[in-house]
Structure formats: structure tokens, C-alpha cells
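Breakdown of the fold
One-letter residues, chain by chain:
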Amino acid sequence: MDTAKSYCISKKIVWEAYERVKANKGAAGVDEESIEEFEKNLKDNLYKLWNRMSSGSYFPPPVRIVEIPKGDGKMRKLGIPTVSDRIAQMVVKLYLEPGIDPHFHPDSYGYRPGKSAIAAVGVARERCWRQDYVIDLDIKGFFDNLDHELVMKAVRKHTDSKWMLLYIERWLKAPAQDGEGKLIHRTTGTPQGGVISPLLANLFLHYAFDEWMKRNYPQNPFERYADDAVVHCKTEAEANELRKVIEERLANCKLELHPEKTKIVYCKDDDRRKRYPNEKFDFLGYTFRARRSKNRRGKHFINFTPAVSNKAKKKMTSTMRSWGMHLRSDKTLVDLSRMFNPIIRGWINYYGKYYRSELYSVAKVANRTLSRWAMRKYKKLKRHKRRAQQWIAKISKREPTLFAHWQIGAEV
């Protein structure tokens, strides 16, 4: 540390922030500087950043707006900060998060150390068995509509550090830059894509929702992952009333529930058989609905349980097609395994946790892609689709560990 500076910021923390940003990878910001380019003059770049942050003269550049498709056909806007700005945000996060995280609700799962989406899915599953109704909440444009004054009020509850407050406020107000280079000045929201944004979002909803629920409705458990949340209720009347008061609460915090996407769902199973307009909901890539299951004694029953959603399956198969695996005839099967198996394994580890058989259709697409590759690579298999499929099936039996999807029980 340098005591001559206005603010005491550790050079060691700046270095750690850089290492974390590097590990997270990410695209270039408005300056078009990649992490590799930043590293060409690493020592000097990190020193300049530390110097400016320590003196209070650091001003964040605009965030670059990138549009990515959402599941409903619309586009989601991500704000990509520059590499240098991501490191600066990580510095603040490293100082701020350890003091804030212990205060968060145990059922807040998003972007937190030691918490995960799959844990939230598992807890939701068990609670759906115990309570008959779920309120599936959808906050309209959450990251774009966060009130800056309320965000800063929440931050001030946890720190009086002048430099952290200074820079968080500057990040909230930093303009965005669209694809044509036009600057868009922001009066609300925090960029979805910023390093500090998930922490600020969690902190905001900690006071706007989690603490409020804990204080006023302790009998209604919930699972929240960032702005994606489900609340459990015993009766339809209770669910209707609670939805209404949650809507009012969020309106007081200058947020709005999406009227069409927010819905009350009946958790139908063998013991809960009445008809209801909504009998399924999606949460963190899983669809919760009534499914045929088998108990330990081998007896079948209808169970309200999660399985990979159709939306997630379409995304996986679309990603596989984008690889152009069948065009890589210069590669061996082992090469393809090294290139793509880590991604396939990641999908199976997450989406195969519950009701794994729903992944069979994704595994079949992977096998069809491998068959197409084999037809292109080997003359004896050219234009022989069935023979290529049999060849892949034979290898899968001989070397079942070569591809992760060969181990989930689906037919090749």
C-alpha cells in the first residue's frame, strides 16, 4: 500500500482481481482491447489502474452493448466493460463481498461463493412435494430498472468506504455505447455483464425481497437465483394473496412483476389430482411438472419433479450443430472427444442431476453428429448412414468413457 495516496488499495488485491478476470475470460469492451493485448504491457497497465483508483481519479469508460437472443425470441442486452474496468470492478468486489455475503439469505443462490443453481433446483423440488402451489416470479427488466438511489442505500448499509462508494456510483452512472458508437446515458439499472452487477443485484433483492419475505411471510419458503425466484404456498388463496402483496412490495422498490410471465402453478402428482390452468414451471433450465417415476420398490407413481427443459435442450443441440463437428474430418474421434467432451460433460453434470432420461434426445443428436463425421471421414461409410451409426454404436460399447453422453444409458 501507498499511504501518500487518497485511498489505501492493496496492489496485491489488484493483481488477484486481474487473475480472476483472466480466468473468467470475456469479450473486449469499447476499446476493443482483449485480455491478451492487456497482458502485453501487464505490469504498467495494472500499476496505472492501481494508481488511478488509489488517487480517486479512476473514471470507468462506457460499457459496450451486445445483444444476445433470449428464449422467447427477444434480445437481451449485455453491457461489456473493458478489461481494465472489469479488473477495477473485481477489486471492489474482492473488498466488499466477504463482508456482505454472510448477511444474505440462505435461499439466495445466485453468484455466491459456495452456492449453486443446481442446489436451488434440489431445494425447490423437495418443497414442491410439501406445498401444493408455487408462485413463479418474473421481474420485468430487472437489471435495466434497478433504482440507483436504492442500490446506493443498500450498499451504504454495509460499507462507509469512500472510495468503494465513489466507484460504485460511477459504475452505475457510466454510459453505454451501442454498436454504432452512440452513447446512451443511464439513470437506472446496472449492466448485465459487469463484474460488480451480480453483487449489487443480490444486495438490492436482499432488502427488497429476501428480508421482507423473512420478516412478513416466514411460513412461505422461496428459492432465488438473482432475479429468478419461486415462492411456495399451501393453498391457492394464499398464493393469490401473496402474489398481490409481492407485486406491491416490488412496486415500492420501483420494480415491476411481468404480468404474463408471473404465474401461480399447481404441483400436481398422485395425491394432488385437481385440474389447474398452470401445472408446470421453468426454473434454472429445468421444467417442474408431473412425471412418471419409480420408487425404491420398483413401483411407478406420478411425481412432481424437475427435468431438463425443452428450451435448454434446444440450446444444447443448437450449440452442438454450431461446432460443425461433421466437417472436421481431419480430426480423430479422440481429438473430437478432447475438444467437445468437457462441454458435454458439463451439460450432463448439471441437467442430468434430475430425471436424466430426458437428456436421451440430446445424446441422440450428438451421436447423429458423430455418424455424419464418420461418413465424411471414411470412404467405406460414405452414404451409408445406418452403417455409420452402427460403427459409432460399436465404439461406444468398446470405449464407453470416450464421450460423456455414452455413459447416460441412451441408445446409440
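Residues numbered from 1 in each chain as written. Predicted model: local features only at pLDDT ≥ 70, side-chain atom pairs only at ≥ 80, totals over all residues. Heavy atoms only, no water.

Below, the discussion takes up the overall build of the protein. When helices and strands are tallied, the protein shows 14 helices and eleven strands. When its C-alpha atoms are laid out on the principal axes, the protein stretches across 75 × 60 × 40 Å. Within the protein, buried positions represent 48% of all 412 residues. Sequence-distant contacts in the protein: of pairs separated by 6 or more residues, those separated by 24 or more amount to 67%. On the protein, roughly 21700 Å² of surface is accessible, and the fraction owed to carbon and sulfur atoms is 48%. Averaging the coordinates of the 80 positive side-chain charges in the protein and doing the same for the 49 negative ones gives two points 9 Å apart. (Helix = DSSP H or I, 4+ residues; strand = E, 2+ residues; numbered from the N terminus. Buried < 20%, exposed > 50% of the residue type's maximum accessible area, 1.4 Å probe, protein only. Contact = heavy atoms within 4.5 Å. Areas by Shrake-Rupley, 256 points an atom, 1.4 Å probe, with all protein chains shown as cover. Lys, Arg positive; Asp, Glu negative; His and termini not counted. Charge placed at Lys NZ, Arg CZ, Asp CG, Glu CD.)

Quick look at the environment of glycine 285 now. For glycine 285, the location among the structural elements is in the loop between strand S9 (281-283) and strand S10 (286-294). By relative accessible area, glycine 285 is classed as partly exposed at 23%. In sequence terms glycine 285 and isoleucine 118 are 167 residues apart; their C-alpha atoms lie 9.6 Å from each other. Setting aside residues no more than four positions away along its own chain, glycine 285 makes contact with Ala307, Val308, Ser309, Ala312 and Tyr351.

The buried fraction of strand S7 (residues 228-233) amounts to five of the six residues, a majority that puts the element mostly inside the structure. With six bridges joining them, strand S3 (residues 133-138) and S7 adopt antiparallel strand pairing. Counterpart to aspartate 136 in the pairing with S7 is valine 230. As paired strands, strand S6 (residues 222-225) and S7 are joined by four bridges and run antiparallel to one another. Considered in S7, the bridge of arginine 224 is made with alanine 229. (Pairing = 2+ DSSP bridges.)

The next thing to look at is the layout of surface pockets. Estimates place the volume of the second largest pocket at around 390 Å³. Taken together, 18 residues form the lining of the second largest pocket, with Asn24, Arg86, Gly193, Gly194 and Val195 sitting closest to its centre. Within the residue set of the lining of the second largest pocket, elements represented by two or more residues are helix H1 (11-24), strand S2 (75-80) and helix H4 (83-100). In terms of residue count, the dominant contributor to the lining of the second largest pocket is H4 (four residues). Looking at the lining of the second largest pocket residue by residue, the class counts come to nine nonpolar, four polar and five charged. (1 Å grid on protein atoms, 1.4 Å probe; cavity = no way out; pocket = protein on both sides within 12 Å on 5 of 7 lines; lining within 4 Å. Points joined across faces, edges and corners; volume = space filled by probe spheres on them. Nonpolar A, V, L, I, M, F, W, Y, C, P; charged D, E, K, R; others polar.)

To continue, consider the environment of lysine 77. As for its position among the elements, lysine 77 is in strand S2. By relative accessible area, lysine 77 is classed as partly exposed at 48%. Sequence-distant contacts of lysine 77, that is, excluding residues within four places in its chain, are made with Ile65, Val66, Glu67 and Gln192.

Let us now look at the side chain of serine 197. Looking at the secondary structure, you find serine 197 in helix H9 (residues 197-216). Given the relative accessible area of 1%, serine 197 is considered buried. A distance of 2.6 Å separates the side chain of serine 197 from the backbone oxygen of proline 191, its partner in a polar contact. Once residues within four sequence positions are removed from consideration, serine 197 is found in contact with Phe143, Thr190 and Pro191. (Polar contact = N/O pair within 3.5 Å; in protein donor to acceptor, adjacent residues only side chain to side chain.)

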